[in-house]
Amino acid sequence: MINFTKILKNIEYLIVSEDYEDAGKYLIKFLDKDPNNPEAHYLLGDVLCKLGDFTASIKELEIAD
């Protein structure tokens, strides 16, 4: 069984470490497996904002909401 919580915690570590590129890549892969996960959409929105893609960030945050 896949431990989604542990995967998201590892991705959060990348975000805290300011490794936004890798965090974004892993979040996209994560969402391929669990597309309805609001926390993953929220984190992706945060990452996209940090990368300056505000339109995509807003979209992800709206999905998370």
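The text that follows walks through the structure, step by step, so that each part is easy to find. Predicted, not measured: the structure shown is a model, and the values here were computed from it. (Residues numbered from 1 in each chain as written. Predicted model: local features only at pLDDT ≥ 70, side-chain atom pairs only at ≥ 80, totals over all residues. Heavy atoms only, no water.)

## Re the overall build of the protein
Piece 1. Across its full length, the protein carries four helices and zero strands.
Piece 2. Along the protein, helices (α) and strands (β) appear in the sequence α-α-α-α when read from the amino end.
Piece 3. Seen through its C-alpha atoms, the protein measures out along the principal axes to roughly 35 × 25 × 15 Å.
Piece 4. Counting the 65 residues in the protein, one finds 32% classified as buried. (Helix = DSSP H or I, 4+ residues; strand = E, 2+ residues; numbered from the N terminus. Buried < 20%, exposed > 50% of the residue type's maximum accessible area, 1.4 Å probe, protein only.)

## Some words on the environment of Asp-65
Piece 1. Residue position: Asp-65 is located in the segment after helix 4 (54-64).
Piece 2. By relative accessible area, which is 85% here, Asp-65 ends up exposed.
Piece 3. The sequence separation of Asp-65 and Gly-24 amounts to 41 residues, and the corresponding C-alpha distance is 19 Å.

## Let's talk about the nonpolar core
It is characteristic of soluble globular proteins that their nonpolar side chains tend to be buried jointly.
Piece 1. By size, the foremost hydrophobic cluster in this structure holds 14 residues, and its most contacted members are Leu-8, Ile-11, Ile-15, Ala-23, Leu-27, Ala-40 and Val-47.
Piece 2. For this core, the secondary-structure elements that each account for two or more residues are helix 1 (4-16), helix 2 (20-33) and helix 3 (38-50).
Piece 3. Setting aside chain neighbours within four positions, we find Ile-11 in contact with Ala-23, Tyr-26 and Leu-27. (Core = buried A, V, L, I, M, F, W, Y, C linked by side-chain atoms within 4.5 Å. Contact = heavy atoms within 4.5 Å.)

## Focus on the packing of aromatic side chains
Piece 1. For the structure on display, the rule yields one aromatic pair.
Piece 2. Ring geometry for Phe-4 and Phe-30: centres 5.2 Å apart, planes at 80 degrees, overall edge-to-face. Of this pair, Phe-4 sits in helix 1 while Phe-30 sits in helix 2, and the two are 26 residues apart along the sequence.
Piece 3. Of the residues examined, Phe-4 reaches a relative accessible area of 27% and is grouped as partly exposed. (Phe/Tyr/Trp six-rings, centres within 6.5 Å; stacked < 30°, edge-to-face > 60°.)

## Some remarks on the packing of helix 1 against helix 3
Piece 1. Interhelical geometry of helix 1 versus helix 3 gives an angle of 15 degrees and a closest axis separation of 11 Å. Between helix 1 and helix 3, the angle falls in the class roughly parallel. Helix 1 and helix 3 meet at a crossing whose hand is left-handed. Along its contact with helix 1, which presents Leu-8, Glu-12 and Ile-15, the element helix 3 presents Glu-39, Ala-40, Leu-43, Asp-46 and Val-47.
Piece 2. Of the residues that constitute the contact of helix 1 with helix 3, the class distribution is five nonpolar, no polar and three charged. (Axes fitted to C-alpha atoms, helices over the stretch in contact; angles between N-to-C directions. Parallel < 35°, antiparallel > 145°, perpendicular 65-115°, else oblique. Left-handed = near helix turned anticlockwise from the far one by under 90°. Nonpolar A, V, L, I, M, F, W, Y, C, P; charged D, E, K, R; others polar.)

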